[in-house]
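Letter by letter, the chains look like this.
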Amino acid sequence: MRTSRDIRTANRYEVLRQIIAESPTSRPELAAATGLSLATVATLVGELLDLGMITEVGFEDSAGGRPRGLVAVNASGGALIGVDIAETYVRVELFDLALTVLARADERMRPGESRPEQVVGHVAAAVGSVVARAGVEGARVLGVGVSVPGQVDRATGRSEYAPNWDWHDVPLLDLLAEHIGHPLYLDNPLRACAVAELWFGAARGRGDAVVVNLGTGVGAGLVLGGGLHRGVSNSAGEWGHTTLVLDGRPCHCGNRGCVETYVGAPGIMLNLRESDPGSALLRPGDQTATIDALARGVAAHDPVAVEVVRDTARYLGAGIADLVNVLNPEVIVLSSWVAATLGEPLVREVREAVVRHALGRPLAATEIVLSPIPTDPVCLGAATFALEGALQSVGQRNTAGRASHARSRIAPSS
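This section reports on the structure supplied with the text.

Cut-offs used in this document
- Residues numbered from 1 in each chain as written.
- Predicted model: local features only at pLDDT ≥ 70, side-chain atom pairs only at ≥ 80, totals over all residues.
- Heavy atoms only, no water.
- Helix = DSSP H or I, 4+ residues; strand = E, 2+ residues; numbered from the N terminus.
- Contact = heavy atoms within 4.5 Å.
- 1 Å grid on protein atoms, 1.4 Å probe; cavity = no way out; pocket = protein on both sides within 12 Å on 5 of 7 lines; lining within 4 Å.
- Points joined across faces, edges and corners; volume = space filled by probe spheres on them.
- Nonpolar A, V, L, I, M, F, W, Y, C, P; charged D, E, K, R; others polar.
- Pairing = 2+ DSSP bridges.
- Axes fitted to C-alpha atoms, helices over the stretch in contact; angles between N-to-C directions.

The next point concerns the environment of leucine 49. Inspection of the secondary structure assignment puts leucine 49 in helix H3 (residues 38-50). Through-space distance from the C-alpha of leucine 49 to that of valine 378 is 28 Å; in sequence the pair is 329 residues apart. Ignoring anything within four residues of it in the chain, the contact list for leucine 49 reads Arg27, Ile54, Thr55 and Glu56.

Time to look at the layout of surface pockets. It is a probe the size of a water molecule, rolled over the atoms, that shows where empty space is left. Size it by volume and the largest pocket reaches roughly 990 Å³. Lining the largest pocket we find 30 residues, and of these Ala10, Tyr13, Arg154, Arg230 and Glu388 sit closest to its centre. Where the lining of the largest pocket is concerned, the elements lending two or more residues are helix H1 (4-22), strand E11 (184-187), helix H6 (189-200), strand E14 (227-229) and helix H13 (377-410). Ranked by residues supplied to the lining of the largest pocket, first place goes to H1 with seven residues. A class-by-class count of the residues in the lining of the largest pocket yields 14 nonpolar, nine polar and seven charged. Residue lining of the second largest pocket: 30 residues in total, with Glu87, Thr88, Thr216, Pro266 and Gln287 positioned closest to the centre. Counting residues per element, the ones that place at least two in the lining of the second largest pocket are strand E5 (89-96), strand E6 (101-108), helix H7 (260-263), helix H8 (265-275) and helix H9 (287-299). Ranked by residue count, the leading element in the lining of the second largest pocket is H8, at five residues.

Let us look at the sheet that holds strand E7 (residues 141-147). Judged by pairing direction, the sheet is mixed, and its five strands sit side by side in the order E6-E5-E4-E7-E11 without closing on themselves. Looking along the sheet, the strands with just one partner apiece sit at the ends: E6 and E11. Between one strand axis and the next, the sheet turns through 15 degrees on average, direction left out of account. In the sheet, E5 pairs with E6 via seven bridges, with the strands oriented antiparallel. By the bridge assignment for E6, glutamate 93 is matched with arginine 104.

Any functional reading would require information beyond the geometric quantities listed.
Right under this line is the structure:
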């Protein structure tokens, strides 16, 4: 059950989110956008001003009334770091409070470099690099949001299960804390991409949206009722491990025929190998190079590349049709690096495939689009986890401070 402190933190977060998205804005506009009362918004804005996260930036005329005070995000009021741990790379981006990228670092993950201590080493190196490049004082870093594939326990900071690496119950944040001195917050790329689209992308202003992650792994971030849907154990969205083909290809999760085995990067490489075993497009052991070659092949009308992308889209379209039928979303967004690389040619084929499988009424209400976010959506979403955590810790400090003050007032004299 959510406490009043949880609700206050969520409201503070929502108000700051609106300010970041709409700077500059007024208190009445914030009340209208969030559904909160004007008095509540005024109190929360006051708290954010005290924290230095936002600033007053003047006034605007109102219709016949007093000029409205405007507030905007204070970009220099702190820094946030987003970490995208993927199966083939670690990418870290440092943002100001307006969520503008100030520095970026990449670490390549070679095959066999998936032990937790190796991954932690890559993350620590990249975090140190972006802090140094941005010239940011450590005290200004409000937090580091970390996205890792698979199922995670946000409360304990553990990677519960990452099937592609065979990780089980890895205390990831504890391992990172030995090298990184900033507050750390953990989740997975499904939630990160969904939040990025909700804040800045194709899900902005939508009540119900699905963000389909297409990378080495595959999943679906869910936005339901205007907010991120996590599920009862923070495990919602594992659509990549639903069965697409009975007794089909073996999957790292232990099942067969999962969606991921046909539309994730390794699955697409297998589609290519089955279509043309000797294809020059295939780069054995290199997912990125193979997907890049396929994209170039489609642009050049190479018949093998066109066939492989069309076959991949047929599988993907069948799986997406299930999402359309079950969730009836306003928009489905194709995100992550495979989707970005294959681009609109893949989206066009997917749309055609979905039409063959989805029910007409829910499909008529659903757009299928490519993510418009120009930077790494996982890093961007992970940075918002750090922002959420920073606001929560502020609330906890304020509550602790008030409790301590109350105790000092009622403590018996000696």
